[in-house]
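Architecture at a glance
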Amino acid sequence: MKELYKTLEMLLQNTSDEKAKNDLSKIFGEYYQQFPEKYSQKFDGFIEQNNKFKNKQNNSNSKDDEQSENLPKISLPNIQKITEMLETSLILPMLATDLMNCLHSSDDNEVDTKQLAKFIAQEQPVVIRILRIANSPFYGLSRQVDSLETAIVVLGIRTIRTLVLNVTVVASLKPPTCELFDCEAFWQHSLAVAVASRLIARLYGGSSELAFTAGLLHDIGRLALAGCFQQEYNHVLKYKQAHNCTLLDAENLILNLTHQQIGKILAKNWRLPKSLEAVISFHHLPTLLQTKLQEKQNISDKLKTELLEFCDIVHLANIFTTLMKLPTNQKNEFVNILAVDGKSWERFTSKVKIEKILDLLPKIEQDFEEISQALLG
């Protein structure tokens, strides 16, 4: 167990907020203790790899840092050019776009189930995957769902809307050809964060389905960068690996922009709800979102609270799944997790008891296993 506690200490070393660090050490130290063999295997070699990396860095000179200044950056002169490239390279599937518009413009009670089923049925692969998910243990339905109409009735309009968006995005966006970008690992991580976001949202009393979508799409800017700027993003990933730094730091240094900024452009182009746009744009630092919202006079306090809450949820889901090493099959990496946003943690623990968080962790693992094959298949 000493090795696991040392691993936990290393994973949290970038967190400057003492309360968040102490709380998470207590929660995950106790959780690791429940499954010592499993977590010893998950983090096998992590400490040794990090120590080897630190020794290597201590013995190296500053040539790598000098070379980083000369690495190729995205040479597009302005954000408009980047936007145009994203619009032609990464397009939200028409079915998802039309369905979102259809459901946003109608009251849920007024949506005709048969018409909606007929509309979605245009894409049979989507229908098949929706039925597979509806019948998976993830939703725990007591009856077999054998048709799209039944799925809509049993799961509800909002859940179906979420499923269609999630399924079409995952199924239709082409994997990028960036050499070091692992598309399968990307979607596995995104799904793990989505599952954790859904469960955390339930503790908040918020929309668990919308939180799931927010978690699934939170890193979509990474997919865009790897797909549209393969060579440049390959240098980002090389630098990240070589310097044991955060992805955001590598992106800022090499590209002068981050996946959060690119994700925000996509969210606007796809006309996603404001809550999803906020999460995609600020999931690494919810406190920055809070500052931005305080400056806006044309947004209601209720909406500000909702946007910040969703951002907190996905931020913490990202932290939880990293500390749980979900997905398990990801390779050990040298990079420590991003710092926990102290204000975000403070808001969360003011509403949720630590004991509830400990109970939540095995459910995250269980739900991830139950839906990963059905959605990512």
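Placed above this text is the structure.
Small disclaimer: the values here were computed from a predicted structure and weren't measured. (Residues numbered from 1 in each chain as written. Predicted model: local features only at pLDDT ≥ 70, side-chain atom pairs only at ≥ 80, totals over all residues. Heavy atoms only, no water.)

As for helix H10 (residues 148-155)
Every buried residue of H10 is accounted for by Leu 148, Thr 150, Ala 151, Ile 152 and Leu 155. Contacts made by the buried residues of H10 are with helix H8 (113-120), helix H9 (124-134) and helix H11 (157-172). Count one or two residues on from H10 and you reach Gly 156, which has phi positive near 95°. (Buried < 20%, exposed > 50% of the residue type's maximum accessible area, 1.4 Å probe, protein only. Helix = DSSP H or I, 4+ residues; strand = E, 2+ residues; numbered from the N terminus. Contact = heavy atoms within 4.5 Å.)

Examining H11
Here H11 spans 22 Å end to end across 16 residues, near enough to the 22 Å set by a 1.5 Å rise per residue. The element H11 is extensively covered by neighbouring structure, given that 13 of its 16 residues are classed as buried. (Expected span 1.5 Å × (residues − 1).)

Let's talk about the nonpolar core
Counting residues in each nonpolar core, the largest one holds 111 residues, and the members touching the most others are Phe 28, Tyr 233, Phe 320, Trp 345 and Ile 364. The element that contributes the greatest number of residues to this core is helix H12 (residues 183-204), accounting for 13 residues. Not counting residues within four places of it along the chain, the set of residues in contact with Trp 345 comprises Lys 19, Ala 20, Asp 23, Leu 24, Ile 27, Leu 316, Phe 320, Val 340 and Ile 357. In this structure, Ala 278, Phe 282, Ile 299 and Cys 311 belong to the second largest nonpolar core, which totals eight residues. (Core = buried A, V, L, I, M, F, W, Y, C linked by side-chain atoms within 4.5 Å.)

Section: the packing of H12 against helix H20 (residues 301-323)
As a packed pair, H12 and H20 sit with axes 8 Å apart at the nearest point and diverge in direction by 125°. In terms of axis orientation, H12 runs oblique to H20. The hand of the H12/H20 crossing is right-handed. Facing H12, whose interface residues are His 189, Ala 192, Val 193, Ala 196, Ser 197, Ile 200, Ala 201 and Tyr 204, H20 presents Glu 309, Asp 312, Ile 313, Val 314, Leu 316, Ala 317, Asn 318, Phe 320 and Thr 321. For the contact of H12 with H20, a count of residues per class yields 11 nonpolar, four polar and two charged. (Axes fitted to C-alpha atoms, helices over the stretch in contact; angles between N-to-C directions. Parallel < 35°, antiparallel > 145°, perpendicular 65-115°, else oblique. Left-handed = near helix turned anticlockwise from the far one by under 90°. Nonpolar A, V, L, I, M, F, W, Y, C, P; charged D, E, K, R; others polar.)

Observations regarding the packing of helix H1 (residues 2-11) against helix H2 (residues 18-34)
Where H1 contacts H2, the axes come no closer than 10 Å and their chain directions differ by 145°. The two elements H1 and H2 meet at a crossing, and its hand is right-handed. From H1, Leu 4, Tyr 5, Leu 8 and Leu 11 reach across to H2, where they touch Leu 24, Ser 25, Phe 28, Gly 29, Glu 30, Tyr 32 and Gln 33. Of the residues that constitute the contact of H1 with H2, the class distribution is seven nonpolar, three polar and one charged.

Some words on the environment of Gln 294
By secondary structure assignment, the location of Gln 294 is in helix H19 (residues 286-295). For Gln 294, a relative accessible area of 55% translates into the label exposed. For the pair formed by Gln 294 and Lys 304, sequence separation is 10 residues and the distance between their alpha carbons is 8.2 Å.

Some words on the packing of aromatic side chains
Enumeration according to the criterion identifies 15 aromatic pairs in this entry. Seen from their ring centres, Tyr 31 and Tyr 39 are 5.7 Å apart, and the 65° between their planes marks the pair as edge-to-face. Just as Tyr 31 is buried, Tyr 39 falls in that class too. With a centroid separation of 5.0 Å and 70° between ring planes, the pair formed by Phe 186 and Trp 187 is classed as edge-to-face. Seen from the ring of Phe 35, Lys 38 lies directly overhead, with NZ or CZ sitting 4.4 Å from the centre. (Phe/Tyr/Trp six-rings, centres within 6.5 Å; stacked < 30°, edge-to-face > 60°. Lys NZ or Arg CZ within 6 Å of the ring centre and 35° of its normal.)

Fair warning: the whole summary comes from geometry, so function is off the table for now.
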